[in-house]
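# Observations on chain architecture
Chain by chain, the residues:
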Amino acid sequence: MRVDQIIYNAGQLVTCASQAGPKKVLKKGPKKGVEMGESGIVENGAVAIKDGLIVAAGPSQDVMRDHEAGNTIDAKGNVVMPGFVECHTHLVYGGHRLNEFELRIRGASYLEIMEAGGGIVSTMRHTREASVAELMAGAGKRLGQMLALGVTTCEVKTGYGLDTETELKMLHVIEELDRTHPVNVIPTFLAAHAFPPEYKEKPDDYVSLVCKEMIPLAAKWYAASHFAEKGTPFFIDVFCEKNAFTLEQSERVLEAGKSYGMKIKAHVDEFTNLGGARFAIENAATSIDHLDAISDEEIALLASSETIGVVTPTVNFNLGNTEFADARKMIDAGCAIALSTDFNPGSAPCPSLPGAMAIACRYQKLSPAEALNAATINAAFAVGLGNKIGSIEAGKQADLLILDISDYRQLAYEFGGNPIDQVIKTGQSVYQASV
């Protein structure tokens, strides 16, 4: 069979594909429990690519025997793996929060900074003032950093406008990022991120504004966007937390988004458990994120559901915490867990999924294979695209990484560097470290 490209001589072709049953039939769905420890390695492997899709993956001798290509890439015995899927970010914002970094060093907590008018509201002010061009320049630079660190698909949230005009401005920036950047972008509407100062004394009125004005306009934007044309999912999200949105307010927001066809995500249990995880799971949420304070009952509910649990250890690390979401318990209970940097200007200014993997292995006791699956195939399901990306399987997008390492475990074993040598997006090289 004639194909466009073959990548061969991968010392480890790490497929992240699930296999089940005595005949090793490919399993469609996120990895749960013990499956998360299976990395799907093919030694001396190869991948054949045609029209931006993977058409075959397996031992080099088999792929090279059955396919011929005008273009070949010798992986030189290094690791070839799926592109990272970043399933929770806040990349679009104005300004910075460097002063808060110093306040935290001196002992101020995240919630104390929020109560004093800092945090999300501080970034809100800068984001409202920023032009579309300024927001594009900043977000594009951050997305470029993530591409160089192996991200090929990235979810991006609104949530720093907190008024109708700026939230819609952020959606337009997110769409333009997807049009102009090699990384595919997934849009999430998070107007219910915090209460703006003008609604501090009337929070329910802001919830009504989000539900009755912002969400309908966001849905209208999506219907006219190229995301709808491509079939890219559109998510509604809410920050259900003490000093943010109550459970009742969060339910209103998620139900409103769901009524307009948006898929559900939810920030829950980051600091306190308000019951948001249960509500989100029972309403078929695609993912619930943070989970530091999730209960055992909710873990069991998550394990029995199709919802992905997303952990963000970079937040805990950045805030100087010694307690992390108990991802080990969740995996052992049979949950599908994904991993994210939660890239944002306040609680997690980190673009590196390999860095997040390193932290998760050390502090949450994930194995390197579990961390890798959490940042690829399970993260793909956390953005509703697990059938298209996140693993090396025939029929999926050819989003691949060639790493300058011979064993994938080095991704988590080493930290502070960048082992990515080449990023291939839908069969095209979009980043090369040596160039």
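As shown above, the structure is provided for reference.
Quick notes on the rules
- Residues numbered from 1 in each chain as written.
- Predicted model: local features only at pLDDT ≥ 70, side-chain atom pairs only at ≥ 80, totals over all residues.
- Heavy atoms only, no water.
- Helix = DSSP H or I, 4+ residues; strand = E, 2+ residues; numbered from the N terminus.
- Buried < 20%, exposed > 50% of the residue type's maximum accessible area, 1.4 Å probe, protein only.
- Contact = heavy atoms within 4.5 Å.
- Pairing = 2+ DSSP bridges.
- Axes fitted to C-alpha atoms, helices over the stretch in contact; angles between N-to-C directions.
- Salt bridge = Lys/Arg side-chain N within 4 Å of Asp/Glu carboxyl O.
- Lys, Arg positive; Asp, Glu negative; His and termini not counted.

### Let's talk about the environment of Ala-285
- Position of Ala-285 among the secondary structure elements: in the loop between helix H10 (276-282) and strand E13 (287-290).
- Residue Ala-285 is classed as buried on the basis of its relative accessible area of 3%.
- Here the alpha-carbon distance between Ala-285 and Ser-305, two residues 20 residues apart in the chain, equals 9.4 Å.
- In contact with Ala-285, other than residues within four places in its own chain, are Ile-264, Ala-280 and Thr-307.

### Considerations on the sheet that holds strand E10 (residues 184-192)
- Taken in spatial order, the eight strands of this open sheet run E8-E9-E10-E11-E12-E13-E14-E15, and their pairing is parallel. Each edge of the open sheet carries a strand with a single partner, namely strand E8 (84-86) and strand E15 (337-339). The sheet shows a mean angle of 25° between the axes of neighbouring strands, taken without regard to direction.
- One ladder, built from five bridges, connects strand E9 (residues 151-157) with E10; its direction is parallel.

### Here's the deal with the environment of Ala-56
- Within the secondary structure, Ala-56 is located in strand E5 (residues 53-59).
- Using a relative accessible area of 15% as the deciding quantity, one classes Ala-56 as buried.
- As a C-alpha pair, Ala-56 and Arg-106 span 50 residues in sequence and 55 Å in three-dimensional space.
- Among residues more than four places away in sequence, those in contact with Ala-56 are Ala-46, Val-47, Ala-48 and His-67.

### Quick word on the pattern of salt bridges
- If you walk through the whole model with that rule in mind, you get 17 salt bridges.
- With a closest N to O distance of 3.0 Å, Arg-2 and Glu-68 form a salt bridge. Of this pair, Arg-2 sits in strand E1 (residues 2-14) while Glu-68 is found in strand E6 (residues 68-74), placing the two residues 66 residues apart along the sequence.
- A salt bridge links Lys-396 to Glu-393; its shortest N-O distance comes to 3.5 Å. No difference in accessibility class separates Lys-396 from Glu-393, as the two residues are buried.
- Connected through shared salt-bridge partners, Asp-62, Arg-65 and Asp-66 make up one network.

### Some words on the side chain of Asp-342
- In this structure, Asp-342 sits in the loop between E15 and helix H14 (353-363).
- Lys-157 is the oppositely charged side chain nearest to the buried, salt-bridge-free Asp-342, at an N-O distance of 7.0 Å.
- Ignoring any residue separated from it by four or fewer positions in sequence, one finds Asp-342 in contact with Glu-86, His-88, His-90, His-290, Thr-312, Thr-314, Val-315, Ser-347 and Ala-348.

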